[in-house]
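Structural overview for review
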Amino acid sequence: MILTQLKQRLGRLLTCISSAPELPIGLPVLDLLLSVEGSLDERALYHLLQLTYGGGADILAARIGRLDQLCDLFLNLYGDGEVTILRAPARINILGEHIDYVSYLPTASLPFGSREHDMVMLCRASETKFVRGASTLSREYPPFHFDFGAERFKGGDGTCTEERWLGYLFASAPPAPGWDNYVKGSVLYAFLKHGERVRGGFDFVVDSSIPPGGGASSSSALIVLAGAAIRHLNHIPYTASELAQESSRAEWFVGTRGGAMDHLTICLARPDHALHISYDRGDAEAVPLPDGGFRWVTFFSHPADKGREVMLEYNERAAVSRIIIPALVEQWAQTDPEVYARWDRARSEQKSECGPSLDDLQQLLMNLPETLSLAQLEYELPEAFRQCSLAFPALVAGRLDRPLRIRNRALHHIGEVRRVASAVKLLRDRSRRRDEGEELTRALMRTIGELLDQSHESLGSLYDVCTPEVSELVETVADDPQVYGARLMGGGFGGNVLALTTQEHLSSLIQRVQSTYYGPRGRAAEAEGSVMVSTPGAGLSVLDPEAVWKQAVHCFNTNWWEADRYRQPICAMLDTFASNAEHSQIRPVVVAAGKGARAAASGLAVPKPLAEVSGIPAITRVLRSLKEAGVSTCPPIVIISPETEAQLREALSGEDVEFVTQPEARGTGDAVLCAFERMSSFGGRALVVWSTQPVIRSQTIRRCLRLAAMFGEYRMIVPTALVKQPYAPLRRDHRGQVCRSQETHLERAQTPRFGETNIGLFILDSRAMFEALQKLKERYWRADESRYDRPGNELGFPNELIPAFAELEYGVFASPIADWREQQGIKSRADVERCGQFIRELDG
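So, here's what we can say about the structure. All of these numbers come straight from a predicted model, not from anything done at the bench. (Residues numbered from 1 in each chain as written. Predicted model: local features only at pLDDT ≥ 70, side-chain atom pairs only at ≥ 80, totals over all residues. Heavy atoms only, no water.)

**Side note on the overall build of the protein**
What counts is decided by this rule: Only DSSP runs of H or I covering at least 4 residues are called helices, and only runs of E covering at least 2 are called strands; the numbering of each starts at the N terminus. Three labels apply to residues, based on accessible area from a 1.4 Å probe with only protein chains included: buried if under 20% of the type maximum, exposed if over 50%, partly exposed otherwise in between. Surface accessibility in these figures is a Shrake-Rupley result with a 1.4 Å probe; residues are shielded only by whichever protein chains are displayed.
What the protein contains, in helices and strands, is 32 helices and 29 strands. Projected onto its principal axes, the C-alpha positions of the protein cover 100 × 65 × 60 Å. When the 844 residues of the protein are sorted by exposure, 57% land in the buried category. Surface accessibility of the protein: about 34,800 Å² in total, with carbon and sulfur atoms responsible for 48%.

Here it is as structure tokens:
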């Protein structure tokens, strides 16, 4: 999106929302095209904001205001141009705190992403290896820049990235505190992994409604956004899970050695669900959360100090959990084999579920020492001490003789495992029962609230991460009988208190906490943004209207039988869509080969491509349509046959084309394959079109090119039309995905009364097309008989390619964007006049 255009659309959309506050909520994307006022891009923005944030006109207006402020800041700092909007939600963790870095137990957490609170980044690619950043909170977070290309390490190939990253961190001095470190860590990790694929940096501005230092992972949101930006803007593909894991390691740059819970939640969150994140299995499963008027609200106490002492506290717990307790447990194999055998058996049975194994594990953990110093560790378990020295050098240097609490940390871990497993079981059981009444749902949420209370007690007494001020805030909140449960959320030493309550009681609860807790401290919670009400929303996303149009086209294709209802707005959207990929290399291949025996038998005296339609040969009209559509980067290749070569060469003597001869009439697929030698070094897309399809309009070709740009991952793009008794019916599976195509004439297939057919125009990845055709020739060619072992002894196109590509994840993308008349080709003399009639109708 161009920045100034984005601002204009935001302004118009705000006016639209203000004048029509009753815009429908949850409007399906296809109906959105027909129902919402404003331009197509404004409708797309509306749909994106509605899906992301929910709510009515007031909520959407506030979000538009935030985006407009962000646009102004970007424009002032970096100027106009193409921009990308990225969004990352606040992380709200229901249960499973301080266990994402535990390595000796199968642990799990139950968080969700906040729909209402997030961090938004506006960014643009840079041609240099500079990153420039700024925030709407410029006083607290001043602008910065850095040159990651100046780093002394060389970019990698993706192998041993974590080992090389740790080596780089250990060899570097800790960075001075600053918000830029989160961006640097993310960018440097990506550069270390992907090397020169990271061709350039980026400029960005961020706006956040996530309180910093508040336990809702504002720092992790920034890490994830920076990681997404450096990959997205350099066209480096990634999955959400990969980005989450790599972002967690990138955050080690700031000095912490935490786990991946925050990053996984931010990347994978789903609306109306919590994530059951299993760290042992390395996966995340969505668990439905009941709405029913329940609300998750966080109250901010005070910022967690991210200075040296608190950093050491975090790392002490990480070292104990990740290195020291596992080493002590493994030591049982030599010192007490019976205990170790019981431990091994109980751990393998546990699998993060409730049951006797949890009781066994908790009992066995009582064998751990109450405390242990790093000096003792060096003497008793030197390898574990060496790992601590490498991973936590500041901790070893500063707290060598200080006793570290061991047993209590382990008891907190197993307690959180138990609480998460209990909550997940309750929620899963509820989702399986469809007759759950309101009272039963309230009872379930009361039970989950009790688990929150237990978690807070454990975080205070066993994990020692509560401050007196946090404890007072929890007591204030929990004293309310309509609060189901409350606990410290996040790393601790300050931050947020999470409470579970109901919608009807939310306002009175906030007022009471203001008067009892915030007021005596001279604070206004609402004004300072210390209260966050959250419902489960989506994870990391790119707020781009193109995503809405892709969704709309997907839905349009899946519901192809309703295409006539939605074709006009879909085509209007394609007419406004612009992409650089649309102008990438396209090589037309015009198939004009074949004997034309059926046409001659019908009384057509000239080859079909030369049949005059409204005074112009059919092939000339096709070539003109290609030119008008902008397909002019390479001269078209015209496939001809020996029987018609002389006539076609003479008729096209004034055209910029290249001729390739198909020696014998062996089908359209064989004809296209004849162009392989001429196109062997071509790496773009082939546009294959029949020379006998003069009704195809240039605007349909342009729309098809835009589909190819929008869905560039597909091997084959097929514009289709809905017709009675289709000659070449297309077949889709139950998901709406193309699975095969037929030619009723050659295959003697039954013609359906109504269906979807190609129009004789196809856009394909050139190399994939020829590779598939060559494999088909190897499979079906019978050299001794000089024929293909296929219907009619011919290799068809596209009927042979479609099932081959349909087996791939991104194989065939067919869309019914064409008018039904455009599928009319010339097969007999009568078709010539019919084509002329249709052209006049469409032009009129």
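**Some points on the pattern of salt bridges**
One side chain can pair with another of opposite charge once the charged atoms of both are near each other. Stated formally: A pairing counts as a salt bridge when a side-chain nitrogen of Lys or Arg comes within 4 Å of a carboxyl oxygen of Asp or Glu.
The final tally for this structure, using the stated rule, is 53 salt bridges. Two residues, Glu-285 and Arg-428, come together in a salt bridge whose shortest N-O distance is 2.5 Å. Of this pair, Glu-285 sits in strand 7 (residues 283–288) while Arg-428 sits in helix 16 (residues 407–432); the two residues are 143 residues apart in sequence, bridging distant segments of the chain. With relative accessibility at 37%, the residue Glu-285 sits in the partly exposed group. In this structure, Glu-469 engages Arg-521 in a salt bridge whose closest nitrogen and oxygen atoms are separated by 3.6 Å. Of this pair, Glu-469 sits in helix 18 (residues 468–478) while Arg-521 is found in the loop between helix 19 (503–518) and helix 20 (525–528), placing the two residues 52 residues apart along the sequence. In this structure Glu-469 comes out as partly exposed when scored by relative accessible area, which is 26%. When salt bridges that share partners are traced, they join Glu-313, Glu-316, Arg-317, Arg-399, Arg-402, Arg-405, Arg-409 and Asp-464 into one network.

**Looking at the pairing of strand 11 (residues 485–489)**
Rules: In this analysis, strands are considered paired if DSSP registers two or more bridges between them.
Extensive coverage of strand 11 is indicated by the burial of 5 of its 5 residues. Sheet topology places strand 11 next to strand 12 (residues 496–502); 5 bridges connect them, and they run antiparallel. Directly across from Gly-485, in strand 12, lies its bridge partner Leu-500. If you look at the hairpin formed by strand 11 and strand 12, you'll find 6 residues sitting between the two strands, and Gly-490 has a positive phi there, around 110°.

**Comments concerning the side chain of Arg-732**
Put simply, the rule is: Distance and chemistry together define a polar contact, namely a pair of N or O atoms within 3.5 Å, with one atom able to donate a hydrogen and the other to accept it when in protein, and with adjacent residues in sequence counting only for side-chain atoms on both sides.
In this fold, Arg-732 is placed in strand 23 (residues 730–732). Since its relative accessible area comes to 17%, Arg-732 is described here as buried. For Arg-732, the side chain forms a polar contact with the side chain of Glu-756, separated by 2.8 Å. In terms of polar contacts, Arg-732 uses its side chain to reach the backbone carbonyl oxygen of Ala-814, at 2.8 Å.

**Here we look at the sheet that holds strand 11**
Hydrogen bonds between backbone groups are what pair the strands of a sheet, and the pairing can be parallel or antiparallel. Which entries qualify depends on this criterion: Angles shown run from 0 to 180 degrees and are taken between the N-to-C directions of axes, each axis being a line fitted to C-alpha atoms and, for helices, limited to the stretch in contact. By definition in these notes, contact holds between two residues if any of their heavy atoms fall within 4.5 Å.
Strand order across the open sheet formed by 4 strands is 11-12-8-13, with antiparallel pairing between neighbours. Edge positions in the sheet fall to strand 11 and strand 13 (531–534), since each has one partner strand and no second. With direction set aside, neighbouring strand axes in the sheet form an average angle of 25°. One ladder, built from 4 bridges, connects strand 8 (residues 294–300) with strand 13; its direction is antiparallel. By the bridge assignment, Val-297 is partnered in strand 13 with Val-533. Helix-sheet contacts for helix 17 (residues 438–461) involve strand 8, strand 11 and strand 12, and the interaxial angle to strand 11 is about 40°. Sheet strands touched by helix 19: strand 8, strand 12 and strand 13. Its angle to strand 8, the strand with the most contacts, is close to 15°.

**Notes on the side chain of Arg-124**
Our working rule: In this tally, Asp and Glu contribute negative charge and Lys and Arg positive charge; neither His nor the terminal groups of the chain are included.
Inspection of the secondary structure puts Arg-124 in strand 2 (residues 108–125). Of the side chains bearing the opposite charge, Asp-80 lies closest to the buried Arg-124, which forms no salt bridge; the N-O distance is 5.1 Å. Here the side chain of Arg-124 touches Tyr-78 through a polar contact of 3.3 Å, landing on its backbone oxygen. A distance of 3.0 Å separates a polar side-chain atom of Arg-124 from the backbone oxygen of Glu-82. Sequence-distant contacts of Arg-124, defined by excluding residues within four places in its chain, comprise Leu-3, Phe-74, Tyr-78, Gly-79, Asp-80, Gly-81, Glu-82, Val-83, Gly-201, Phe-202, Asp-203 and Leu-233.

**Section: the packing of aromatic side chains**
For the record, the criterion: Two aromatic rings from Phe, Tyr or Trp, using only the six-membered ring of Trp, form a pair when their centres are within 6.5 Å; if the ring planes differ by under 30 degrees the pair is stacked, by over 60 it is edge-to-face, and anything between is tilted.
What the rule picks out here adds up to 28 aromatic pairs. For the pair Tyr-141 and Trp-179, a centre-to-centre distance of 5.9 Å together with 70° between the ring planes defines the contact as edge-to-face. Pair noted here: Tyr-141 is in the loop between strand 3 (130–135) and strand 4 (144–147) and Trp-179 is in the loop between helix 5 (161–170) and helix 6 (180–194), with a separation of 38 residues, a long-range link. A relative accessible area of 11% means that Trp-179 is categorised as buried. On the basis of an interplanar angle of 80° and a centroid distance of 5.3 Å, the ring pair of Trp-165 and Tyr-189 is categorised as edge-to-face. Highlighted residues: Trp-165 in helix 5 and Tyr-189 in helix 6, separated in sequence by 24 residues. Of the two residues, Trp-165 and Tyr-189, neither departs from the other in class, the shared state being buried. An aromatic cluster is built from Tyr-141, Phe-144, Phe-146, Trp-179, Phe-202 and Phe-204, whose rings are joined through pairwise contacts.

**Quick notes on empty space enclosed by the protein**
Keep this limit in mind: Using a grid of 1 Å spacing that covers the protein atoms alone, one calls a set of points a cavity when a 1.4 Å probe fits there but cannot get out, and a pocket when the set is open and has protein on both sides within 12 Å along at least five of seven lines; lining residues are those with an atom within 4 Å of a point. Grid points are joined across faces, edges and corners, and a volume is the space filled by probe spheres set on the points. In the scheme used here, Gly and all other residues not listed as nonpolar or charged are polar, with Ala, Val, Leu, Ile, Met, Phe, Trp, Tyr, Cys and Pro taken as nonpolar and Asp, Glu, Lys and Arg as charged.
Here the structure, examined in full by the defined rule, presents 3 cavities of 30 Å³ or more. Forming the walls of the largest cavity are His-554, Asn-557, Thr-558, Tyr-714, Arg-732, Gly-736, Gln-737, Val-738, Val-812, Phe-813 and Ala-814. At the level of elements, helix 21 (545–558) and strand 29 (812–815) are the ones that each hand at least two residues to the lining of the largest cavity. Of the residues that constitute the lining of the largest cavity, the class distribution is 5 nonpolar, 5 polar and 1 charged. Estimates place the volume of the second largest cavity at around 50 Å³. What lines the second largest cavity is simply Leu-49, Tyr-53, Arg-63, Arg-66, Leu-67, Leu-70, Val-120, Asp-207 and Leu-543. Within the residue set of the lining of the second largest cavity, elements represented by two or more residues are helix 3 (40–53) and helix 4 (57–78). In terms of residue count, helix 4 provides more of the lining of the second largest cavity than any other element does, 4 residues in total. Among the residues making up the lining of the second largest cavity, the classes are represented as 6 nonpolar, no polar and 3 charged.

**Some points on the packing of helix 16 against helix 17**
Under the convention used in this document: An angle counts as roughly parallel when it lies under 35 degrees, as roughly antiparallel when it exceeds 145, as roughly perpendicular when it falls between 65 and 115, and as oblique in every other case.
Taken N-terminus to C-terminus, the directions of helix 16 and helix 17 make an angle of 170°; their axes are 10 Å apart at the nearest point. Taken as axis vectors, helix 16 and helix 17 run roughly antiparallel relative to one another. Along its contact with helix 16, which presents Asn-408, His-412, Glu-416, Arg-419, Ser-422, Ala-423, Leu-426, Leu-427 and Arg-430, the element helix 17 presents Thr-441, Leu-444, Thr-447, Ile-448, Leu-451, Gln-454, Ser-455, Ser-458, Leu-459 and Ser-461. Split into classes, the residues belonging to the contact of helix 16 with helix 17 amount to 7 nonpolar, 9 polar and 3 charged.

**Quick notes on helix 9 (residues 261–268)**
Burial analysis of helix 9 places 7 of its 8 residues in the buried class, which makes it a mostly covered element. Considered for burial, the residues of helix 9 that qualify are Met-261, Asp-262, His-263, Leu-264, Thr-265, Ile-266 and Cys-267. Of the surrounding secondary structure, the elements contacted by the buried residues of helix 9 are strand 1 (84–95), strand 2, helix 7 (218–232), helix 8 (240–250) and strand 6 (273–278).

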